[in-house]
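Close look at the chain arrangement
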Amino acid sequence: MTNGIFFLCVFAAKTGRKGLSHSGAHDRFPSMEKMKRTHACGELSLSQTEKEVILNGWVHRLRDYGGITFINLRDRSGVVQAVVESDAPAALRERAASLKFEYCVAVRGTVRARPESMRNPEMKTGDLEVKVFDLEILSTCETLPFMIDGESEAKEDARLRYRYLDLRTSAMQDRIRLRHETAFAAREYLVGRGFYEIETPTFIRSTPEGARDFLVPSRVQPGKFYALPQSPQLYKQLLMVSGFERYFQIARCYRDEDSRGDRQPEFTQIDLEMSFVSREDVFEVTEGMMRHIFKKVMKSDLAVPFRRLPYDEAMSRYGSDKPDLRFGLELKDFGAPAAKSDFQVFKTVLAAKGLVKALVAPGCGEYSRKQITDLEETAKTYGAKGLAWMKVTKEGRLEGGVAKFFEKIAAEVVADLAAKPGDLLLFVADKPRTACVALGAVRTRLGADLKLAKPGDFLFAWIVDFPLFEYNEEEKRWDPAHHLFSMPQEKYLDMLESDPGSVKADLYDLVCNGVELASGSIRIHDPKLQARVFAVIGITMAEAERRFGFLLEAFKYGPPPHGGIGIGFDRFITLLVGVATIREVIAFPKNTVGASAMDDCPSSVDEKQLKDLRLMVIEEEK
RNA sequence: GGGGGUGUAGCGAAGCUGGUUUAUCGCGCCGGCCUGUCAAGCCGGAGAUCGCGGGUUCAAGCCCCGUCACUCCCGCCA
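One structure accompanies this document, and this report is about it. (Residues numbered from 1 in each chain as written. Chains lettered and ligands numbered in written order. Predicted model: local features only at pLDDT ≥ 70, side-chain atom pairs only at ≥ 80, totals over all residues. Heavy atoms only, no water.)

Taken as a whole and assessed by the stated rule, the structure comprises 25 aromatic pairs. Relative to Phe406, the ring of Phe334 lies with its centre 5.7 Å away and its plane at 45 degrees, an arrangement referred to as tilted. Remark: Phe406 occurs in the loop between β15 (398-399) and α13 (410-416) and Phe334 occurs in the loop between β12 (332-333) and α10 (335-340); sequence separation between them is 72 residues. Taken as a pair, Phe334 and Phe406 share a single burial class, namely buried. Three or more aromatic residues joined by ring pairs form one cluster here, namely Phe283, Phe294, Phe306, Phe458, Phe460, Trp462, Tyr508 and Phe572. When the ring centre of Tyr162 is taken as reference, the NZ or CZ atom of Arg161 above it lies at 4.6 Å. (Phe/Tyr/Trp six-rings, centres within 6.5 Å; stacked < 30°, edge-to-face > 60°. Helix = DSSP H or I, 4+ residues; strand = E, 2+ residues; numbered from the N terminus. Buried < 20%, exposed > 50% of the residue type's maximum accessible area, 1.4 Å probe, protein only. Lys NZ or Arg CZ within 6 Å of the ring centre and 35° of its normal.)

Structural data, given as structure tokens:
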């Protein structure tokens, strides 16, 4: 009892509000019994004129004239203007005057057309208003840390600290709604195509491949740990062995790696797997789903099938395995002219089996030294030692940068690159991959600077024929390029052991506008072939048995040929909505160090909890 | 692990190469006025350890060093 009183006093002191201003809320118990809404704010129209309606929502904006008070009332559906006029009873006028931003209220009133001159064409419900004759304050709201839908947006820190308020803004409401609609459309389509939605565990065995696992300690078996799944990969393959034939899940995935704008420690995939299929079947279903989503959510027609681009071609022409194909600006091989030039740097690289790649920046001949240096920085970030350049003059001659080494073959260079007067020529010479990737980054940068991509366009493409393995320089061994269970293409089977680097797999990515949206493969279902792949990677059967024994065992019992794909749901929504980071489309995201400012996690835990788990925290030595 | 950017009232910003005393503006907040607004308006008011610590200087929001937080990128992310 004493405690209760003390608590109330503290509360009053803390809010710093005078009790009187809240009288409206306290002298009437805020019950929904008599004030349940009959309509949604944003859906009122003149067809309800003269009708009595009850609305529930939040005080979005407030304009108090003493005698007359305008309340912009907001709910999920939108905003409508409610008016408390001077002819209202004094108690109602007082209660209206006591309102503040974001009070949660119920109003009863009649819908009426606004006089012609007082209509607001900016508002969906701007032709009407609700004349209020009853107003209930359901709950009050303290001074806000930032305005909902204010003129200036709060910084992300503050938005995440008060995420529940940030989510009230129309921008966030729209994004989260679109996310929901997309998930629904995906389900609708996949269910229609015979897929079952099946959940898989979130506590699984740790299989230390790929990203770091998040671990969950077992209390019942001290010293042992579960891992959170990086994706439902193994389980969905097991579901194929089980004979479900078509599985999907909107699945949460966890990877303990450093965050980025497009990466969170936990994220969502539309994950699917199909039996008795080739990659074409996976493409067809994915394209169909994308088309369905665009129709339902974006109200637009998406052209299918998507373009196919082999990985090697993507790297060579665009310097990226996720190129933005909304613009050309392709990289060209400059090996032949470079070999004929007097430029020793290029010739040395060529002699070492490197590549010289060229990029024609149209109309950038006037770029300043500073602008070129900026481009060079971009190339260097991706491992290039430098960015060579020269300009094509109005007369079609080469000038500046490395031009002097190409004097003799100037005409050939210009013709070879199809360069025009006023263009800037850019070159990276390096190991093949570095040359492509670094100049590819310059291409991406130029595309943005020159605004070459039309916003609002969505250009999808399948990147196909990824290599099965990539060489790990540090460890001096072959690593799986994507994952361990991807199927090598049949025509490369003979060279699996003799020339692993040349083996292409039935591995594919779906890219759109320079974003990697999805990744998948046809899986190995033949234990013998799987064993060969393990051998190339250097995994002994004993080790494979230890890590994936359950999967290998399952594959002894008549596994169907199968394959699938996982679509990065957050990235997909980010793309549809056109925002910069996936945090903008996740209701409660983590920041770049994996923390949530709202609930302050991760956090320390009680000694007791640690003891139960027989865990000990070792302080870092300084 | 590495590189870049940012940090000034509750929120968003300004504060030029160090020097006008009480660090400015808009929103919000508090008080008052106001019967048709819709980013309402008008009058008055409160509110800032200039992220934190140290240093240089006669003088630091501004320069230097360190540190923390947030953010973007490289590495990493089968």
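Looking now at the pattern of salt bridges. One pass over the structure, following the stated rule, counts 47 salt bridges. The salt bridge involving Glu85 is made with Lys131; its shortest N-O contact spans 2.6 Å. With Glu85 in the loop between β3 (78-84) and α3 (90-97) and Lys131 in strand β5 (residues 128-139), this pair connects stretches of sequence that are 46 residues apart. The closest approach of N and O atoms between Asp465 and Arg279, which form a salt bridge, is 2.9 Å. Highlighted residues: Asp465 in the loop between β17 (460-464) and β18 (469-472) and Arg279 in helix α8 (residues 279-298), separated in sequence by 186 residues. Of the residues examined, Asp465 reaches a relative accessible area of 19% and is grouped as buried. By relative accessible area, which is 19% here, Arg279 ends up buried. Salt bridges here are not isolated pairs; linked through shared partners, they connect Glu153, Arg159, Arg163, Asp166, Arg175 and Glu584. (Salt bridge = Lys/Arg side-chain N within 4 Å of Asp/Glu carboxyl O.)

Near RNA strand B lie 54 residues; those nearest to it are Glu85, Glu151, Arg260, His482 and Thr592. The sugar-phosphate share of atoms of RNA strand B within 4 Å of the protein amounts to 55%. Within the contact set of RNA strand B, a phosphate oxygen lies 3.0 Å away from a side-chain nitrogen or oxygen of Arg255. Asn591 places a polar side-chain atom, nitrogen or oxygen, 3.0 Å from a phosphate oxygen of RNA strand B. Of all elements in the fold, only β1 (52-64), β2 (69-75) and α4 (156-161) reach the threshold of two or more residues within the surface near RNA strand B. (Near = heavy atom within 4 Å. Polar contact = N/O pair within 3.5 Å; in protein donor to acceptor, adjacent residues only side chain to side chain.)

The values reported here are purely geometric and, on their own, carry no functional implication.
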